[in-house]
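What follows is each chain in one-letter form.
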Amino acid sequence: MAYKINIRKLEADLWESADLLRAGSKLTSSQYCMPVLALLFLRYAYSRFKMVEAELLKNRPSRGGRVMPVEPSDFAAKSALFLPREAQFDYLVNLSDDQPLGEAVNHAMSLVEEQSEQLTGILPKSYTMFSDELLRELLRIFNNKTLDEIGGDVIGRIYEYFLSKFAKAVASDDGVFFTPKSLVKMLVNVLEPEQGVMLDPACGSGGMFVQTGDFVNAGGMNANTQMTFFGQEKVEYNAQLCLMNMAVHGLNGRIVSGDEANTFYHDAHNLAGKCDYVMANPPFNVDKVKSESASAAGRLPFGLPGVNAKTKEIGNANYLWISYFYAYLNEHGRAGFVMASSATDSANKDRDIREKLVLTGDVDVMVSVGNNFFYTLSLPCSLWFFDKAKRLENKNRVLFIDARNYYTVVDRTLNEWSEWQLKNLQAIVHLYRGEKEKYKSLISEYWRALGEHVDRHDNAYRHQDNMSFEKALEVLNGEEAMYKGYIKEQQATLKKTKGKKDKDEIKAVIASNEAELALTLETKDMVNEAIWLTSKFGLDGEYQDVLGLCKIATIDEISEKNYSLTPGAYVGVAEVEDDGVDFHERMIEIHSELSQLNAEANVLMSEIMKEWEILNTK
């Protein structure tokens, strides 16, 4: 767990340093984004190059006493890029001050492209617009030795972290190139990809591919041999980010960009009816799509959505996307995608398409997501899942999950699902699919995680008989109070201490206790999630509809609700616990507080006006 905390700190430190340089240079986030991400990519490529080179040299044959040099083909066999000397990160870091650094980095990017057909023409070569001082400092920041110690996979995570930060900063792009990681993970967790053809026809920065690769690799397989990745992305800039993102994670894919990648009018890879998996976060509520061109492009098994008779344009393309995702699937394919919440209940032609879709029996799971899951938009959304090879018991049933009130607050404008919350939502799907062993495996994972914490704090748990998650939470609450008490006492002692050495010793103790407190709070969050899950479905995992959270509805029930696919229409509303506060009394208190604040504001304004008058008379 300390490993995680260190990585988070490293991410934040690297971003803060790089962003300070951007602010000082007066470059916009748009100008800065691609070059910085490409430098991170180069740093990753170098880290992986050195690791693979060391492996190759271990058992390298020799001739005449000389070790045979490594070849580019040796690296390709290990899914790594061969880097010529002038493209290696340490070469650039150690260039003398009198050598033009921007030109050297541009040349390095060209050399990398020569080694990878997938990256040809993708990497930026605009580094001469940076001052050499700024570039040199960026190289120094990314030359952090910790990146080599913790492994190249973490550079992939840092790349994603930077991408997410840029998504917030590049406001003019509306964050379209980045789908929040927890939404992508939810899609992948429900689809559970193993092998076959995967398509994202609105692939942005490639998050669907990366998470799918992680999921497959975590299952002990090799994503590049098990999966074939295809993508379409109309915006070339986003497609470049996608290819770099995939390369950072060691993935190969075929990505088409530009006009031919406009999914409304082109099936760029000719994949209709051929995909094992489709995942996407398409742009919502697109208008002015040419209906005749869309119709001619096909992939519309349920017909066109509503068309304006005068303009011959489709006013809202949400159901074009929904139709495409279904049309791309083969006979056993699964699809998962993000969609505007309004689409679950939209009327007219949309409703007719939705009826046909429901009657196929292939709608599998519907999930409502609350506000603030996107970096630049606060709108709620829905996750849709299709499965053309459902188990027989579920063929005419749909699982509805209303997760609008289930999330973790990151900051005032951003929510997400934690790793444990993602596992819990996935567990509900497992029970719906009759996969109780997967549910029990998650409960075992909770116990193991708790066990790791118990091993670190054995004394606190030693006298707990028949340990339960609820009892563990009581002990964790005590731990939290204990560490907070220690920290408060030490901070008070620090204020009274004068010697530098003594102060440093106390600061070290405070830092140690703060780290222990962070671990306790992390474990406490985990235990709370275990309680959330087991309080609903038990330790053994018996599915039941939970008011306000989940319900399995039949097609007949869905038809009775005019083919609505809105989870809230089925799961109902959970009862709100009485917090013991008298509403009328509290309203009187609030009005009293407001009156007092207004009076204070009037006094303050009067003082300000007096000072203003004095200033004007001088």
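Structure first, text after, so check above.
Throughout what follows, the structure given in this document is the object of discussion. Here the residue numbering is sequential within each chain, running from 1 through the sequence in written order. Thresholds applied to this predicted model are a pLDDT of at least 70 for local features of residues and 80 or more for the giving and counting of side-chain atom pairs; totals over whole chains, interfaces and linings are not thresholded and use all residues. For side-chain calculations, the full set of non-hydrogen atoms in the structure is used, while hydrogens and water are omitted.

### Topic: the pattern of salt bridges
Now for step 1: By definition here, a salt bridge exists when the distance from a side-chain nitrogen of Lys or Arg to a carboxyl oxygen of Asp or Glu is within 4 Å. In this structure the tally under the stated criterion is 26 salt bridges.
Now for step 2: Residues Glu 192 and Arg 433 are paired through a salt bridge, measuring 3.7 Å at the closest nitrogen-oxygen approach. Of this pair, Glu 192 sits in the loop between α9 (181-191) and β3 (196-200) while Arg 433 sits in the loop between α16 (419-432) and α17 (436-456); the two residues are 241 residues apart in sequence, bridging distant segments of the chain.
Now for step 3: Look at Glu 192 and you get buried, because its relative accessible area is 13%.
Now for step 4: Among the ionic pairs, Lys 438 bridges to Glu 192, the shortest N-O distance being 3.3 Å. Here the residue Lys 438 occupies a position in helix α17, and Glu 192 occupies one in the loop between α9 and β3, the gap between them amounting to 246 residues.
Now for step 5: Salt bridges linked by common partners bring Glu 192, Asp 364, Arg 433, Glu 435 and Lys 438 together as one network. Numbering of helices and strands starts at the N terminus; helices are DSSP runs of H or I of at least 4 residues and strands are runs of E of at least 2. For the exposure calls, accessible area comes from a 1.4 Å probe over protein chains only, and a residue counts as buried if that area is under 20% of its type's maximum, exposed if over 50%, partly exposed in between.

### Some points on unusual backbone geometry
Now for step 1: Positioned with a positive phi, Lys 26 is a non-glycine residue whose angle comes to about 65°.
Now for step 2: Backbone geometry at Arg 299 places phi at a positive 65°, although glycine is not the residue there.
Now for step 3: Following the sequence through the fold, Arg 299 ends up in the loop between α13 (291-297) and β8 (313-314).

### Some details on the packing of helix α5 (residues 101-115) against helix α6 (residues 132-142)
Now for step 1: Where α5 contacts α6, the axes come no closer than 9 Å and their chain directions differ by 50°. By the angle between their directions, the pair α5 and α6 is classed as oblique. Taking contact as the criterion, the partners of Leu 101, Gly 102 and Val 105 in α5 are, on α6, Asp 132, Leu 135, Arg 136 and Leu 139.
Now for step 2: A class-by-class count of the residues in the contact of α5 with α6 yields four nonpolar, one polar and two charged. Each axis is a line fitted through C-alpha atoms, taken for helices only over the stretch in contact, and angles between the N-to-C directions span 0 to 180 degrees. In what follows, roughly perpendicular refers to angles from 65 to 115 degrees, roughly parallel to angles under 35, roughly antiparallel to angles over 145, and oblique to any angle outside these ranges. Residues are treated as being in contact if the distance between any of their heavy atoms lies within 4.5 Å. Each residue receives one of three labels: charged for Asp, Glu, Lys and Arg, nonpolar for Ala, Val, Leu, Ile, Met, Phe, Trp, Tyr, Cys and Pro, and polar for the others, Gly being one of them.

### Things to note about the state of the cysteines
Now for step 1: Any two cysteine sulfur atoms within 2.5 Å of one another count as a disulfide. This structure, assessed with the given rule, holds zero disulfides.
Now for step 2: Counting only cysteine sulfurs, Cys 203 is the nearest neighbor of Cys 242, a cysteine outside any disulfide, at a range of 4.1 Å.
Now for step 3: For Cys 242, a relative accessible area of 0% translates into the label buried.

### Describing the pairing of β3
Now for step 1: Along β3, five of the five residues are buried, which leaves the element largely enclosed by surrounding structure.
Now for step 2: Looking at chain direction, β3 and strand β4 (residues 227-233) are connected through five bridges and run parallel. Its bridge partner lying in β4, Val 197 is registered against Thr 228.
Now for step 3: Note that β3 and strand β6 (residues 275-280) share two bridges and pair parallel. Strands are treated as partners if at least two bridges between them are detected by DSSP.

### Description of the nonpolar core
Now for step 1: Nonpolar core, defined: a set of buried Ala, Val, Leu, Ile, Met, Phe, Trp, Tyr and Cys residues in which side-chain atoms within 4.5 Å join the residues together. Tyr 32, Phe 162, Met 244, Val 367, Leu 383, Ile 401 and Trp 417 are the most contacted members of the largest nonpolar core, which has 127 residues in total.
Now for step 2: Broken down by element, the residue count for this core peaks at 16 residues, all from helix α2 (residues 29-58).
Now for step 3: Those residues in contact with Val 367 that sit more than four places away from it in its chain are Met 186, Cys 381, Ser 382, Leu 383, Phe 385, Ile 401, Ala 403, Trp 417 and Pro 567.
Now for step 4: Core analysis: the second largest hydrophobic core is formed by 44 residues, Cys 275, Ala 294, Phe 302 and Ile 555 among them.

### Some points on the sheet that holds strand β5 (residues 253-257)
Now for step 1: Read from one edge of the open sheet, nine strands run β5-β4-β3-β6-β9-β11-β10-β12-β15, paired in mixed fashion. Unpaired on one side and paired on the other, β5 and β15 (550-554) mark the two borders of the sheet. Neighbour to neighbour, the strand axes of the sheet diverge by 15° on average, direction disregarded.
Now for step 2: On top of the sheet, α9 reaches β6, β9 (329-340), β10 (363-369) and β11 (381-387); it is set at about 20° to β11, its chief contact.

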